[in-house]
Amino acid sequence: SQKIEQNSEALNIQEGKTATLTCNYTNYSPAYLQWYRQDPGRGPVFLLLIRENEKEKRKERLKVTFDTTLKQSLFHITASQPADSATYLCALVRDGNKLVFGAGTILRVKS
Amino acid sequence: EADIYQTPRYLVIGTGKKITLECSQTMGHDKMYWYQQDPGMELHLIHYSYGVNSTEKGDLSSESTVSRIRTEHFPLTLESARPSHTSQYLCASSELGDLKAGEQYFGPGTRLTVT
């Protein structure tokens, strides 16, 4: 079955720095990969989608890369702010619109 | 902000009770989903629907059942709640078709505790 691995340890960074989160997957060749943000006690919120033929996607301070050879996606937040503190989830799109999620990485941005 | 609603937000109930978790969306989406999530863990798909009168079981086996009589409404029912059902239940919806490649809109979730 598909397996998605995200850093289980929280990422602590200083305000203004770039946060880089990693998503690795096995046993699958997804056509799309998505990133979501989840705050405590809330549902995930969609951030970015990247297709297999796209190497990089940007949206404001966010950047996602997708390396289908390495089976890895990197998620970057530049000029991070304390408000960026949350759990970030990676999800693969399969079988139409069904998603397989990773457990997420907690990001803490300190001022 | 996504227009998808879940009620109740929190529910504490005794073993053996029947419960229904409500989920409604006003976006006209055909696809709807139920996920179960424990603290610090990934979301697991337990049910999905591609339209009215269409329901399928997800990857994670669940004793719950769902119905889809109206496009906007996708309730989840547990006939006899047990402590093992304690979890966060998240409802989501998405558009049909490949245009948005499965971008899902989530409700705020229901935190269920069975004592």
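Whatever comes next refers back to the structure up there.
Residues numbered from 1 in each chain as written. Chains lettered and ligands numbered in written order. Predicted model: local features only at pLDDT ≥ 70, side-chain atom pairs only at ≥ 80, totals over all residues. Heavy atoms only, no water.

Undergrad: Tell me what's going on with the state of the cysteines, and back it up with residues and numbers.
TA: Within this structure, the stated rule accounts for two disulfides over all chains. Here A:C23 pairs with A:C90 through a disulfide, and the sulfurs are 2.0 Å apart. Because the sign of the S-S torsion sets the handedness, a value of about -60° for the bond joining A:C23 and A:C90 places this disulfide among the left-handed ones. Taken together, the residues A:C23 in strand β3 (residues 19–26) and A:C90 in strand β9 (residues 86–94) connect sequence positions 67 residues apart. Comparing A:C23 with A:C90, the two get one shared label, buried. With a sulfur-sulfur separation of 1.9 Å, B:C23 is cross-linked through a disulfide to B:C91. Because the torsion about its S-S bond is -75°, the bridge between B:C23 and B:C91 counts as left-handed. Of the two residues, B:C23 sits in strand β3 (residues 19–25) while B:C91 sits in strand β9 (residues 87–94), which places them 68 residues apart along the sequence. Judged by its relative accessible area of 0%, B:C23 falls in the buried class. (Disulfide = S-S within 2.5 Å. Helix = DSSP H or I, 4+ residues; strand = E, 2+ residues; numbered from the N terminus. Buried < 20%, exposed > 50% of the residue type's maximum accessible area, 1.4 Å probe, protein only.)

Undergrad: Residue-level account of the interface of chain B and chain A, with values.
TA: Listed per partner, the contact involves 28 residues of chain B and 21 residues of chain A. Here chain B and chain A share an interface that buries about 1,800 Å² over both sides, 45% of which is from carbon and sulfur atoms. Linking chain B with chain A are zero salt bridges, by the criterion used here. Between the two partners, chain B and chain A, sit four residue pairs in polar contact (both at pLDDT 80 or more). At the level of secondary structure, the elements contributing two or more residues to the side of chain B that touches chain A comprise β4 (31–37), β5 (44–51) and β9 of chain B. In terms of residue count, the dominant contributor to the side of chain B that touches chain A is β4(B) (four residues). (Contact = heavy atoms within 4.5 Å. Buried area = accessible area lost by both parts, 1.4 Å probe. Salt bridge = Lys/Arg side-chain N within 4 Å of Asp/Glu carboxyl O. Polar contact = N/O pair within 3.5 Å; in protein donor to acceptor, adjacent residues only side chain to side chain.)

Undergrad: Explain the pattern of salt bridges to me, and be specific about the residues and the numbers.
TA: All names here are of chain A. With the rule as written, the count across this model stands at eight salt bridges over all chains. Residue R61 pairs with D84 through a salt bridge whose shortest N-O separation is 2.9 Å. Separated by 23 residues along the polypeptide, R61 in the loop between β6 (56–59) and β7 (62–67) and D84 in the loop between β8 (72–77) and β9 bring together distant segments of the chain. Judged by its relative accessible area of 7%, D84 falls in the buried class.

Undergrad: Can you lay out the packing of aromatic side chains for me, pointing to particular residues and giving the numbers?
TA: Evaluation of the coordinates by the stated rule reveals 11 aromatic pairs over all chains. Arranged with centres 4.9 Å apart and planes meeting at 20°, the rings of A:W35 and A:F75 form a pair that is stacked. You can see A:W35 sitting in strand β4 (residues 32–38) and its partner A:F75 sitting in strand β8, a full 40 residues away along the chain. By the burial criterion, A:W35 is buried, and A:F75 matches it. Among the aromatic residues, those joined into a cluster by ring pairs are A:Y36, A:F46, A:F101, B:Y33, B:Y35 and B:F106. The lysine or arginine in question, B:K31, covers the ring of B:Y50, its NZ or CZ lying 4.3 Å from the ring centre. Across from the ring centre of B:F74, 5.8 Å away, lies the NZ or CZ of B:R68, which sits over that ring. (Phe/Tyr/Trp six-rings, centres within 6.5 Å; stacked < 30°, edge-to-face > 60°. Lys NZ or Arg CZ within 6 Å of the ring centre and 35° of its normal.)

Undergrad: Talk me through the nonpolar core; I want residue IDs and the actual numbers.
TA: Residue and element names in this part refer to chain A. In terms of nonpolar packing, the biggest core is built from 24 residues, with I4, L33, W35, F75, I77, Y88 and L107 touching the most fellow members. Breaking this core down by element, the ones donating at least two residues are β3, β4, β5 (45–51), β7, β8, β9 and β11 (105–110). Residue contacts for Y88: discarding those within four places in its chain leaves Q6, L21, W35, Y36, R37, L47, F75, I77, G104, T105 and L107. (Core = buried A, V, L, I, M, F, W, Y, C linked by side-chain atoms within 4.5 Å.)

Undergrad: Lay out the sheet that holds β3(A) in plain terms, naming residues and giving numbers.
TA: Residues and elements named next belong to chain A. One open sheet holds the five strands; their spatial order is β1-β3-β8-β7-β6, and the pairing between them is antiparallel. Looking at which strands have only one partner, the edges of the open sheet turn out to be β1 (3–6) and β6. The average angle at which neighbouring strand axes cross in this sheet is 15°, direction not considered. (Pairing = 2+ DSSP bridges. Axes fitted to C-alpha atoms, helices over the stretch in contact; angles between N-to-C directions.)

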